[in-house]
Amino acid sequence: MAERELTLTINGMTCGGCVSRVQQRLRAEPGVAGAEVNLATGRAWLQLADQPPAAADLAAAVRDAGYEAPEAETVLAIQGMTCGGCVSRVERALAATPGVLEASVNLALGQARVRHLAGAVSADGLARAVHDAGYTARPHEATEADAEAGAEDGELAALRRRVRWAAALTLPLVLVAMGRHLPGSGDFLLGLMSGRAWMLVELLLVTPVLFGAGGQFYRQGWAELRHRAPGMSSLVMIGASAAWGYSLLALLVPGIFPPGTAASYFEAAGVIVTLILVGRYLEHRARGRTSEAIRRLLRLQAHTARVVRNGEPVEVPLAEVVAGDQVVVRPGERVPVDGEVLEGASRVDESMISGEPVPVAKGVGDELVGGTVNRNGSLTFRVTRTGDDTVLARIIQLVERAQAEKPPIQQLADRIAGVFVPIVMLVALATFAAWLTVGPEPALSYAFVAAVSVLLIACPCAMGLATPTAVMVATGKGAEAGVLFRRGAALETLAGADTVVLDKTGTLTAGEPRLTDLEVPAGAEDEALALIAAVEARSEHPVAEAIVAAARERGLALAPVSDFDAVAGYGVEGRVDGRWVHVGAEHYMTWLGVDVSAVADTARRLTEEAKSPLYAAVDGQLLALLAVADPPRREAEAAVAELQGLGVTVAMITGDHRATAEAVGRRLGIDRVMAGVLPDGKAREVQRLQAEGARVLFVGDGINDAPALAQADAGIAIGTGTDIAIEAADVVLMRADLHQLGAALRLARQTRRTVRLNFLWAYGYNVALIPVAAGLLFPLTGWLLNPMAAAAAMSLSSLFVLSNSLRLRRFRAEPRGNGKPAPAAAAATG
């Protein structure tokens, strides 16, 4: 019995009894021939039988014993894949490796993401599995942008050399083959040598093209056939070899052919391989452009940092920087890691994370993000996050994961591509048999040409590239604009959404109260506000903070306060410059005997506008009417209108009373208001909308929004919100600008249109041209597709899909119209 070994990491074991339980449970698992568990190392060594157990079953067995078998993820860079069939083969090879839970391969990214049991398989082991399937693989290092780009450039350079070599030999090959059939030149060439001698020249020219420049088709083709999973390379290998072999026999033993059929197709074999190599070279260059966004992000990572050591800044490798270090960044330098400013002031270009081109002012206490550029001042900051914990690293991880994930439409495409090639080979055989049986003379030549044309024109490359290239460009473009798609499938979900539910506080509004109105019946505004703010400065209430902040914005000096007191449920009081100042609700004024009738109409209007009126009195006389509210974001009204212009219903969800919520809804033009919803009820409201048939996007920023973000068809988190909300969302808006919602929807819809057009072309192309290649038009027109034309058309199909996807790079995130934000909400005025 052949046996293989597998190592598992086990968490939670504390004693010999734990070891015994895990061993017994694993040994009882079908397909496990033996198991030994080591408590000190926390590992289990398994001997596997011919039919090894699934990794998920082993994890379940460990859990059943009361412990955990943790998971890990390995990313491999794959070379040699050309179509959806390649993707299927690599995925099957990786999934069949013991210990692997799931394997997802992205053709456009040239990358495999493998989820496996921790310790069960190494990157080298996975690479060997890929190699056995006929491809090459190496561990993918997301932080090594230059190495990654260099490897890709190396592959492109090798492909360029093969194209040049093939073209240099194919050009004279075509001149010799075609020249013999042209008036004038044919007589000249045949006068120099016989036709059979020229066929020998063709053989000498074409053989290096096929087995040298085109050798990869044979290596991959044999691997595909050996694994009983034919793909593009198999089609090219069979088609080109058929042309070469047929011509070789016609040269060596022409007598075995029926009269008139011993023709040479050497030039067809050479042109086929050369055209496909040219197409693959152009395709490789275009595919490189699809991943340019992620490479630009990777290049933003600094390699060194100027760390303060013994009072002096010393430049050290970034790997040596740890949280708590003090780092100096000079004007024009890139901030190496995340941190908090300790000294200095400057303006920092944060466009790489927010998409906002205007540099942001930074001072003591402000946060710095690694990868941003310090513009005009020297800063010293304390390191808060390094390595994979930095904002830039998390952005890169999110974008890579989104690019690697397969939307449902791509999963369907991969399944179709997996069975398409075998069907095409059967169609080619049927075409050959049909022409040989009922075709005109020379039937063998016609049968050969038609069968080879079917093989070449039906390559499913375009099908395999249709979705991943569009998703790659879209997610990269979104990241540039500050819209991060955490899941590639979110693009498809967003494109189909018809309802957007916006949480009110912190999403539609600023999330903190502000002084919005100030009316002073008699006297100066600034003097009244200074008196009120002086008393409120002693209070810790959020409303008091809003009033004090408004006074400071006006540069008002606050006088000392004595005899301060906070009257619970009513307001605050204190003595300022010998005068008693009282600030509070209307019932506080009534209790004090202060007449507020002079501002009654204004107070009523403010209440209808969802603002909270407050009154101030000095020495028993009305001083002012104030209003404090959590105002809508300055762009909220325009953003809601933009969403409605995109044809979606906009709803608002809030815990506010119905009257207050309706007032905000009217002001912003919201279609539907859901008021009085407790935090734990938001997800139920989303579920209710879904039950009504709506495809819901939920937009929020708080911890209590996480369940609703997860419940919605797609959740969108404002990037300034909490980490929990961001982790629960499918899309993250990196800056608090609601216009990015419209940008996300427009990008998703444009991506969906691009993918649909890609599939329409890829499938329509094959459906339309396979019958043509098989000779369906021959009885009507006498025209039969040439194998060389079939090879060129196949390459053009992939190039169309790639160039169509690259059109997404022209996407603009600015809202339709002039792109300017809505006017700011009215400031506190008299």
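Remember, predicted model here, so these are calculated numbers, not experimental data. (Residues numbered from 1 in each chain as written. Predicted model: local features only at pLDDT ≥ 70, side-chain atom pairs only at ≥ 80, totals over all residues. Heavy atoms only, no water.)

A.B. asks: Sorry, what's going on with the UniProt feature "transmembrane region" (unreviewed entry) in the protein here?
C.D. replies: Residues given the UniProt feature "transmembrane region" (unreviewed entry) here are residues 165-183, 195-214, 235-257, 263-282, 416-438, 444-467, 759-778 and 784-802. Taken end to end, residues 195-214 is 95% helix and 0% strand, and its two terminal C-alpha atoms sit 26 Å from one another. Counting secondary structure, residues 759-778 comes out at 85% helix and 0% strand; the distance between its end C-alpha atoms is 28 Å. (UniProt positions renumbered as here; feature names shortened; annotations may be inferred. Helix = DSSP H or I, 4+ residues; strand = E, 2+ residues; numbered from the N terminus.)

A.B. asks: Explain the nonpolar core to me, please; I cannot follow it from the model alone.
C.D. replies: Note on soluble globular proteins: their nonpolar side chains tend to be buried together. Residues Leu-494 and Leu-508 are the most contacted members of the largest nonpolar core, which totals 50 residues. Considering every element that reaches this core, the biggest residue donor is helix H28 (residues 739-774), with seven residues. For Leu-508, the residues in contact, after removing those within four places along its chain, are Leu-502, Asp-503, Pro-632, Arg-633, Ala-636, Val-640, Met-652, Leu-668, Ile-670 and Leu-738. Counting residues in hydrophobic clusters, the runner-up holds 43 residues, among them Ala-240, Trp-244, Trp-435 and Phe-448. (Core = buried A, V, L, I, M, F, W, Y, C linked by side-chain atoms within 4.5 Å. Buried < 20%, exposed > 50% of the residue type's maximum accessible area, 1.4 Å probe, protein only. Contact = heavy atoms within 4.5 Å.)

A.B. asks: How should I be thinking about the pattern of salt bridges in this particular structure?
C.D. replies: A pair can form between side chains of opposite charge whenever their charged atoms are brought close. Counted according to the given criterion, the structure contains 21 salt bridges. Here Asp-349 makes a salt bridge to Arg-375, at a shortest N to O gap of 2.9 Å. In this pair, Asp-349 sits in strand S12 (residues 346-349) while Arg-375 sits in the loop between strand S15 (373-374) and strand S16 (379-385), placing the two residues 26 residues apart along the sequence. Taken together, the salt bridges that share partners define one network made up of Arg-672, Glu-685, Arg-688 and Glu-692. (Salt bridge = Lys/Arg side-chain N within 4 Å of Asp/Glu carboxyl O.)

A.B. asks: Explain helix H24 (residues 658-668) to me, please; I cannot follow it from the model alone.
C.D. replies: In an α-helix, one turn spans 3.6 residues, which is why side chains three or four residues apart end up on the same side. Taken as a whole, H24 has its buried residues at Ala-661, Ala-663, Val-664, Gly-665 and Leu-668. Just beyond H24, the residue with positive phi is Gly-669, at close to 75°.

A.B. asks: What's the story with the packing of helix H15 (residues 443-457) against H28 in this structure? I'm lost.
C.D. replies: The packing of two helices is summarised by the inter-axis angle and the distance between the axes. Contact geometry of H15 with H28 gives a least axis separation of 8 Å together with a crossing angle of 165°. By the angle between their axes, H15 is roughly antiparallel relative to H28. For H15 against H28, the interelement crossing comes out right-handed. Residue-level inspection shows Ala-450, Ser-453, Val-454 and Ile-457 of H15 in contact with H28, the latter providing Tyr-765, Asn-766, Leu-769, Ile-770, Ala-773 and Ala-774. Residue composition of the contact of H15 with H28, by class: eight nonpolar, two polar and no charged. (Axes fitted to C-alpha atoms, helices over the stretch in contact; angles between N-to-C directions. Parallel < 35°, antiparallel > 145°, perpendicular 65-115°, else oblique. Left-handed = near helix turned anticlockwise from the far one by under 90°. Nonpolar A, V, L, I, M, F, W, Y, C, P; charged D, E, K, R; others polar.)

A.B. asks: I'm lost on the packing of helix H23 (residues 636-645) against H28 in this one. Help?
C.D. replies: Packing of H23 against H28 brings their axes to within 8 Å, and their N-to-C directions diverge by 20°. One way to sum up the angle between H23 and H28 is to call them roughly parallel. Where H23 crosses over H28, the handedness of that crossing is left-handed. Packed against H23, whose contacting residues are Ala-638, Ala-639, Glu-642 and Leu-643, the element H28 presents His-739, Leu-741, Gly-742, Ala-743, Leu-745 and Arg-746 at the interface.

A.B. asks: Is there a simple way to think about the confidence of the model for the protein in this case?
C.D. replies: Low-confidence regions, as indicated by low pLDDT, have predicted coordinates that should not be scrutinised in detail. Looking at the protein as a whole, its pLDDT mean stands at 80, while 81% of the residues score no less than 70. Segment residues 142-148: pLDDT under 50, and 11 contacts once partners within four positions in sequence are set aside and those in other chains are kept. Every residue in residues 817-830 is under pLDDT 50, and counting partners more than four places away or in other chains gives 22 contacts. (pLDDT = per-residue confidence, 0-100.)

A.B. asks: Just checking my understanding: could you explain the environment of Ala-774 for this structure?
C.D. replies: Residue placement: Ala-774 occurs in helix H28. Sequence separation of Ala-774 and Ala-450 is 324 residues, and the distance between their C-alpha atoms is 5.1 Å. Each residue touching Ala-774, except ones within four places of it in the same chain, is listed here: Thr-431, Trp-435, Ala-450 and Val-454.

A.B. asks: How do you make sense of unusual backbone geometry when you look at a structure like this?
C.D. replies: Trans is the prevailing form of peptide bonds, just as negative phi is the prevailing case for residues other than glycine. Residue Pro-442 is bonded to the preceding Glu-441 through a cis peptide linkage, with omega at -5°. Residues other than glycine seldom take positive phi values, yet Asp-577 does so here, at roughly 50°. One can find Asp-577 in the loop between strand S21 (571-576) and strand S22 (579-584). For Asp-619, which is not glycine, the phi dihedral falls at a positive 50°.

A.B. asks: Would you explain the sheet that holds strand S28 (residues 714-718) in this entry?
C.D. replies: Paired through backbone hydrogen bonds, the strands of a sheet run either parallel or antiparallel to each other. The strand order across the open sheet built from seven strands is S17-S29-S28-S27-S18-S25-S26, with neighbouring strands paired in mixed fashion. Of all strands in the sheet, those bounded by a partner on one side alone are strand S17 (483-485) and strand S26 (672-674). Put simply, the sheet's adjacent strands are angled 20° from each other on average, direction ignored. Relative to strand S29 (residues 731-733), S17 is paired through three bridges, and the arrangement is antiparallel. For Val-483, the partnering residue across the bridge sits in S29 and is Leu-733. Each of strand S25 (649-653) and S26 is contacted by H24, which is oriented at about 150° to S26, the strand it contacts most. Running at roughly 45° to S17, H28 makes contact with S17, strand S18 (499-503), strand S27 (696-700), S28 and S29 of the sheet. (Pairing = 2+ DSSP bridges.)

A.B. asks: Even after reading the chapter, I still don't get the pairing of S18, so can you show me in this structure?
C.D. replies: Every regular strand shows the same layout, with side chains that alternate between the two sheet faces. Burial analysis of S18 places five of its five residues in the buried class, the great majority of the element. By the bridge criterion, five bridges tie S18 to S25 in an arrangement that is parallel. When the sheet's bridge partners are listed, Asp-503 is paired in S25 with Ile-653.

A.B. asks: Would you explain the sheet that holds strand S20 (residues 561-567) in this entry?
C.D. replies: The sheet built from six strands is open, its strands ordered S19-S24-S23-S22-S21-S20 with antiparallel pairing. Each of the sheet's edge strands pairs with one partner strand only, and the pair in question is strand S19 (514-519) and S20. Put simply, the sheet's adjacent strands are angled 20° from each other on average, direction ignored. Direction of pairing for strand S23 (residues 612-618) relative to strand S24 (residues 621-629): antiparallel, over a ladder of seven bridges. In the strand pairing of S24, Ser-612 is matched with Val-628. Across the sheet, helix H19 (residues 525-536) is in contact with S19, S20, S21, S22, S23 and S24; its angle to S21 comes to roughly 110°. Sitting on the sheet, helix H22 (residues 600-608) touches S19, S23 and S24, and the angle it makes with S24 is about 10°.

A.B. asks: I'm lost on the environment of Leu-776 in this one. Help?
C.D. replies: Residue placement: Leu-776 occurs in the loop between H28 and helix H29 (778-781). Taking relative accessible area as the criterion, Leu-776 reaches 59% and is therefore assigned exposed.

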